[in-house]
Amino acid sequence: MTDERMALLDLVEKEADGDLVREMLAFAAERLMELEVEAATGAPKGARSAARTTQRNGYRERAWETRAGRIDLAIPKLRKGSYFPSFLEPRRTAEKALVAVIQEAYVHGVSTRAVDDLVRAMGGAGVSKSQVSRLCAEIDERVQAFLARPLEGAWPYLWLDATYIRVRDAGRIVSRAVIIAVGVNEDGRREVLGVHAGHSEAEVFWTDFLRSLADRGLRGVKLVVADDHKGLRAAARRVFDATQQRCRVHWARNALAHVPPKSRAAVAAMLKTIFAQESKAEAETQWDAVADALRDKNDRLGAMMDASREDVLAYMDFPREHWAQIASTNPLERVNKEVKRRSDVVGIFPNDDAIIRLVGALMIEQNDEWAVARRYMGLESLARISNTDNHRLPAVAA
């Protein structure tokens with residue numbers, strides 16, 4: 001070990017100069033952020049490059065609490081997408097949760113061979129149940145506090161989407177529906193509002209979840225965006241009395257499933273003409289024209305279009321500036337991909353608590369990233385839907 005490194009270790013251990021340690025940490029953090037942003041943008045700061053994918057857009061201030069004291073960070077912002085430093089504490093929460101879930105599976109003897117290999121790689125061979133319990137308790141406390149926090153103000157838009165995770169239940173391996181709820185508040189900010197795991201997507205499952213959100217203060221919901229689940233439709237109508245938007249992307253996939261493979265490209269092009277219209281009235285007219293054109297060769301597709309028009313075009317009753325975000329559950333696509341990526345590492349979860357532990361920790365991270373990102377929706381357009389009847393909302397930009 002070099003003399004310089006030994007001197008640095010002595011300085012940190014003895015805490016001889018807290019200011020110097022903070023300055024060194026601040027310098028290291030700044031350099032790390034610059035390297036991460038350079039990788040995210042594809043080019044160094046101020047450099048011209050054909051490989052650049054986005055531009056910087058100023059900085060946001062954030063306090064970083066360390067053992068050496070508080071450090072004020074200037075986190076770079078991007079014009080497209082968002083950036084969150086990898087070294088901040090929230091980023092490690094999901095890693096701890098992943099370790100906890102893997103170790104719990106190992107201790108209970110229900111892990112797969114891949115999980116066993118991961119535990120050994122993490123130095124987890126011989127891990128005790130008491131060690132796992134302490135780690136799980138630490139994560140669970142934070143996750144439960146996050147998922148039970150009060151929801152203040154009005155939330156005009158609510159997205160709901162389900163992903164499926166395998167779990168052991170009474171000696172069998174079953175598939176659990178894991179629901180993630182995301183909302184946008186009157187300030188245009190996105191937040192993860194809740195996570196729930198259950199046996200199915202029946203009406204009672206959705207009702208319990210939505211009522212738990214309402215009990216925490218969720219109100220002012222104007223539009224619920226989700227896939228076509230009959231249980232969800234009934235529950236959302238009962239709990240929030242809100243307009244329901246059927247995910248346009250999932251609907252199109254279902255529609256094309258009724259079409260022979262050789263004709264799908266042509267039918268997809270016809271369906272796109274509906275959503276390219278400038279107003280809901282024009283979209284409804286085009287919808288009917290496309291349905292009639294397809295009905296001659298495909299009665300099932302025509303009947304499907306007749307039954308789903310209002311649900312799929314509901315988003316057009318809202319401000320046009322929001323159409324791209326509220327027409328589908330695509331805003332949750334990145335979140336669900338991250339959940340699947342982490343859950344695939346575990347393979348089979350030992351119990352439902354382990355699912356909530358890992359998914360909840362991931363949602364804490366996601367919430368932190370959204371908190372420092374730019375507004376998801378503009379205040380002016382959101383103001384037009386406040387205290388307004390859902391069916392009388394202006395659909396054109398101001």
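A brief structural summary. Computed from a predicted model, the values in this text were never measured in an experiment. (Residues numbered from 1 in each chain as written. Predicted model: local features only at pLDDT ≥ 70, side-chain atom pairs only at ≥ 80, totals over all residues. Heavy atoms only, no water.)

## A look at the overall build of the protein chain
Item 1. When its secondary structure is counted, the protein chain shows 15 helices and seven strands.
Item 2. For the protein chain, the residues scored as buried account for 47% of the 398 residues in total.
Item 3. Across the protein chain, contacts joining residues at least 24 apart in sequence account for 65% of those joining residues at least 6 apart.
Item 4. Within the structure as shown, the protein chain displays about 20,500 Å² of accessible surface, and the carbon and sulfur contribution to it stands at 50%. (Helix = DSSP H or I, 4+ residues; strand = E, 2+ residues; numbered from the N terminus. Buried < 20%, exposed > 50% of the residue type's maximum accessible area, 1.4 Å probe, protein only. Contact = heavy atoms within 4.5 Å. Areas by Shrake-Rupley, 256 points an atom, 1.4 Å probe, with all protein chains shown as cover.)

## Overview of empty space enclosed by the protein
Item 1. In the structure shown here, the tally under the stated rule is one cavity of 30 Å³ or more.
Item 2. By volume, the largest cavity is sized at about 60 Å³.
Item 3. The wall of the largest cavity is formed by Val224, Ala226, Asp227, Asp228, Leu232, Arg233, Gln244, Gln245 and Arg246.
Item 4. Residue assignment for the lining of the largest cavity shows that the elements contributing at least two residues are strand E6 (223-226), helix H7 (230-239) and strand E7 (243-246).
Item 5. With three residues, the top contributor of residues to the lining of the largest cavity is E7.
Item 6. Residues belonging to the lining of the largest cavity are distributed by class as follows: three nonpolar, two polar and four charged. (1 Å grid on protein atoms, 1.4 Å probe; cavity = no way out; pocket = protein on both sides within 12 Å on 5 of 7 lines; lining within 4 Å. Points joined across faces, edges and corners; volume = space filled by probe spheres on them. Nonpolar A, V, L, I, M, F, W, Y, C, P; charged D, E, K, R; others polar.)

## Considering the packing of helix H6 (residues 203-215) against H7
Item 1. Running from amino to carboxyl end, H6 crosses H7 at an angle of 35 degrees, the nearest separation of the two axes being 8 Å. The chirality of how H6 crosses H7 is right-handed. Residue-level contacts link Glu203, Trp206, Thr207, Leu210, Arg211 and Ala214 of H6 to Gly231, Leu232, Ala234, Ala235, Ala236, Arg238 and Val239 of H7.
Item 2. Grouping the amino acids of the contact of H6 with H7 by side-chain chemistry returns eight nonpolar, two polar and three charged. (Axes fitted to C-alpha atoms, helices over the stretch in contact; angles between N-to-C directions. Left-handed = near helix turned anticlockwise from the far one by under 90°.)

## What about the packing of aromatic side chains?
Item 1. With the rule as written, the count across this model stands at seven aromatic pairs.
Item 2. With a centroid separation of 5.9 Å and 75 degrees between ring planes, the pair formed by Phe205 and Trp206 is classed as edge-to-face. Just as Phe205 is buried, Trp206 falls in that class too.
Item 3. Taken together, Tyr157, Trp159, Phe318 and Tyr376 form an aromatic cluster joined through their ring pairs.
Item 4. Across the ring face of Tyr376, the terminal group of Arg190 is positioned such that the distance to the ring centre comes to 3.9 Å.
Item 5. Its guanidinium or amino end placed over the ring of Phe275, Arg248 lies 4.5 Å from that ring's centre, counting from NZ or CZ. (Phe/Tyr/Trp six-rings, centres within 6.5 Å; stacked < 30°, edge-to-face > 60°. Lys NZ or Arg CZ within 6 Å of the ring centre and 35° of its normal.)

## Let's talk about the sheet that holds strand E5 (residues 190-198)
Item 1. Taken in spatial order, the five strands make up an open sheet running E5-E4-E3-E6-E7, and their pairing is mixed. The strands lining the two open edges of the sheet, one partner per strand, are E5 and E7. Within the sheet, the average angular offset between the axes of one strand and its neighbour, ignoring direction, is 25 degrees.
Item 2. In this sheet, strand E4 (residues 172-184) lies alongside strand E3 (residues 157-169) in antiparallel orientation, the contact comprising 13 bridges. When the bridges of E4 are listed, Leu160 appears paired with Ala181. (Pairing = 2+ DSSP bridges.)

## Overview of the pattern of salt bridges
Item 1. Scanning all chains against the criterion turns up 21 salt bridges.
Item 2. Between Glu191 and Arg149 there is a salt bridge whose closest N-O contact spans 3.0 Å. Taken as a pair, Glu191 in strand E5 and Arg149 in the loop between helix H5 (129-147) and E3 lie far apart in primary sequence, 42 residues in all.
Item 3. A residue is classified by how much of its surface remains accessible, and Glu191, at 22% relative accessible area, is partly exposed.
Item 4. Its relative accessible area of 16% is what places Arg149 among the buried residues.
Item 5. Its salt-bridge partner being Glu333, residue Lys337 comes within 3.5 Å of it at the nearest N-O pair. Here Lys337 pairs with Glu333, and both are found in helix H13 (residues 333-346), just four residues apart, close to one helical turn.
Item 6. By relative accessible area, which is 54% here, Lys337 ends up exposed.
Item 7. What emerges from the salt-bridge pattern is a single network uniting Lys280, Asp288, Arg309, Glu310 and Asp317. (Salt bridge = Lys/Arg side-chain N within 4 Å of Asp/Glu carboxyl O.)

## With respect to the nonpolar core
Item 1. Tyr157, Met305 and Met363 are the most contacted members of the largest nonpolar core, which has 59 residues in total.
Item 2. Looking at which element gives the most residues to this core, the answer is helix H14 (residues 352-371), with 10 residues.
Item 3. If we ignore the near neighbours within four places in the chain, the residues touching Met305 are Trp251, Leu271, Ile274, Trp287, Val290, Ala291 and Leu294.
Item 4. Within the second largest apolar cluster, 23 residues are counted, among which are Ala162, Ile179, Ala181 and Phe209. (Core = buried A, V, L, I, M, F, W, Y, C linked by side-chain atoms within 4.5 Å.)

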